[in-house]
Amino acid sequence: MQAAGLPPQYAAELTKLAKVNTKVLLACSNPRNSNAGSPIQWTPLGKPVDGGVQLYTGNDSSIHDKSQSALNLVCGVVYVQAPLHEVSHALGNLTTNPYLKRVVDDPVVIDSRTLYDMDKRDRRATRIQWMSIRSASALMQHRDFVVVQHQDEVAIPSTSSRGSTVRGWVSCIHSVNLPMVPPFTQTYLRGGVYASGFVLRETNQRRITEAVVVLKVDFKGYAPRLLCTGTLKAWAMCVGRVAKYFRTHRSADNLHLPRVHLDDAHQLAGNGRCWVCHDRFGVHSDKHSCRKCHKVQ
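- As annotated in an unreviewed UniProt entry, the protein carries the name START domain-containing protein and comes from Aphanomyces astaci.

**A look at the overall build of the protein**
Link 1 in the chain: Broken down by element type, the protein carries 6 helices and 13 strands.
Link 2 in the chain: Burial status across the protein gives 48% buried among its 297 residues.
Link 3 in the chain: In the form shown here, the protein has an accessible surface area of approximately 14900 Å², with 52% of it arising from carbon and sulfur atoms.

**Describing the pattern of salt bridges**
Link 1 in the chain: Inspection of every chain in the model, using the stated rule, returns 10 salt bridges.
Link 2 in the chain: Across the pair Arg 113 and Asp 111 runs a salt bridge whose closest N-O atoms are separated by 2.6 Å.
Link 3 in the chain: Sharing partners across several salt bridges, the network here consists of Arg 32, Arg 201 and Glu 210.

**Describing the environment of Ser 137**
Link 1 in the chain: Looking at the secondary structure, you find Ser 137 in the loop between strand S5 (124-133) and strand S6 (143-157).
Link 2 in the chain: You can call Ser 137 buried: its relative accessible area is 18%.
Link 3 in the chain: Expressed as a C-alpha distance, the spacing of Ser 137 and Leu 227, which sit 90 residues apart in the sequence, is 6.7 Å.
Link 4 in the chain: Within the structure, Ser 137 has its side chain in polar contact with the backbone nitrogen of Leu 139 (distance 3.0 Å).

**With respect to the side chain of Ser 135**
Link 1 in the chain: The topology assignment puts Ser 135 in the loop between S5 and S6.
Link 2 in the chain: At a separation of 3.3 Å, a polar atom in the side chain of Ser 135 contacts the main-chain carbonyl oxygen of Met 140.
Link 3 in the chain: Ser 135 has contacts with Met 140, Gln 141, His 142, Arg 143 and Thr 231, leaving out every residue within four places of it along the chain.

**What to know about the nonpolar core**
Link 1 in the chain: Membership of the largest hydrophobic core comes to 43 residues, with the highest contact counts inside it found for Leu 91 and Trp 235.
Link 2 in the chain: Of all the elements, helix H5 (residues 238-248) adds the most residues to this core, at 6 residues.
Link 3 in the chain: In this structure, Leu 91 is in contact with Val 104, Gln 151, Trp 169, Phe 198, Leu 200 and Val 242, ignoring residues within four places of it in sequence.
Link 4 in the chain: Judged by nonpolar contacts, the second largest core, of 15 residues, contains Leu 25, Leu 73, Val 77 and Val 170.

**So, the pairing of S5**
Link 1 in the chain: For S5, a buried count of 9 out of 10 residues is recorded, marking the element as mostly surrounded by other parts of the structure.
Link 2 in the chain: Counted along the chain from strand S4 (residues 109-121) to the antiparallel partner S5, the turn is 2 residues long, and its residue Asp 122 has a positive phi close to 50°.
Link 3 in the chain: Direction of pairing for S5 relative to S6: antiparallel, over a ladder of 9 bridges. Residue pairing across strands places Ile 133 opposite Arg 143, the latter belonging to S6.

**So, the packing of aromatic side chains**
Link 1 in the chain: Considering all chains together, one arrives at 4 aromatic pairs under this definition.
Link 2 in the chain: Centroid distance Tyr 245 to Phe 246: 5.3 Å. Interplanar angle 90°. Geometry classified as edge-to-face. We note that Tyr 245, like Phe 246, is buried.
Link 3 in the chain: Among the aromatic residues, those joined into a ring-pair cluster are Tyr 99, Tyr 245 and Phe 246.

**So, the side chain of Arg 127**
Link 1 in the chain: The residue Arg 127 is located in strand S5 in this model.
Link 2 in the chain: A residue is classified by how much of its surface remains accessible, and Arg 127, at 9% relative accessible area, is buried.
Link 3 in the chain: Only 3.5 Å separates the side chain of Arg 127 from the side chain of Asp 117, close enough to count as a polar contact.
Link 4 in the chain: In terms of polar contacts, Arg 127 uses its side chain to reach the side chain of Gln 151, at 3.5 Å.

Cut-offs applied
Residues numbered from 1 in each chain as written. Predicted model: local features only at pLDDT ≥ 70, side-chain atom pairs only at ≥ 80, totals over all residues. Heavy atoms only, no water. Helix = DSSP H or I, 4+ residues; strand = E, 2+ residues; numbered from the N terminus. Buried < 20%, exposed > 50% of the residue type's maximum accessible area, 1.4 Å probe, protein only. Areas by Shrake-Rupley, 256 points an atom, 1.4 Å probe, with all protein chains shown as cover. Salt bridge = Lys/Arg side-chain N within 4 Å of Asp/Glu carboxyl O. Polar contact = N/O pair within 3.5 Å; in protein donor to acceptor, adjacent residues only side chain to side chain. Contact = heavy atoms within 4.5 Å. Core = buried A, V, L, I, M, F, W, Y, C linked by side-chain atoms within 4.5 Å. Pairing = 2+ DSSP bridges. Phe/Tyr/Trp six-rings, centres within 6.5 Å; stacked < 30°, edge-to-face > 60°.

Quick look at the structure:
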């Protein structure tokens, strides 16, 4: 399907660019596994925050002179209480679910719209989008981005079994410079976001999906590192809002919460919340027995 108003040569080149950067995104979307061959070295930002989101800051090992790098890298990881097909369908069809779109976008995305649709087939889509992002402080101008977005089902290398894969879904965004979409200099400063977006993975736990958001952004212009990181942390928390949406909007017959078996017992010992329902452990529920989920092994 050719995008109306978009020259054919643009559509072909942008589709190819989107698919290449989707592979780049997948390569750096596993911050929990430092041996995954990712060019990004991820460092956890403390303990999981609201909604069970674990945030990470990134360091691109391929950039030797860090002082010359304008990229800001933040990643967020959370477990969603829903099967992969439900989460991917919801994120792939935000325009048909205004409530979920508002949940995902707030409070960071000021506005967004699809400029050109280049491909749309079930859970696969390629389009040109525009979005504006609210900065973390009034000291820094709001940014906007024009991106090519590619969504598709993918096979992702398994972290638990070498040589095998698990089902996944990706929604990658990558900035493009199109002459028909000039910067809105009076309102926003045009930034760049590269090989970023959502990655969903099936887990070995029934009806549990791992959701990862990777953000690699060059804010351009006046952009103090502290304010950039604050903006990206707020943006990355969208995965927590997705998880909360599925926790609170399940049908009545799916409200029971599945058990989660952690691969690393040390993660559980250092966490003050249940990894499934995020209820705090207290006097009547130790770190091996959640009141909602029962025993977590």
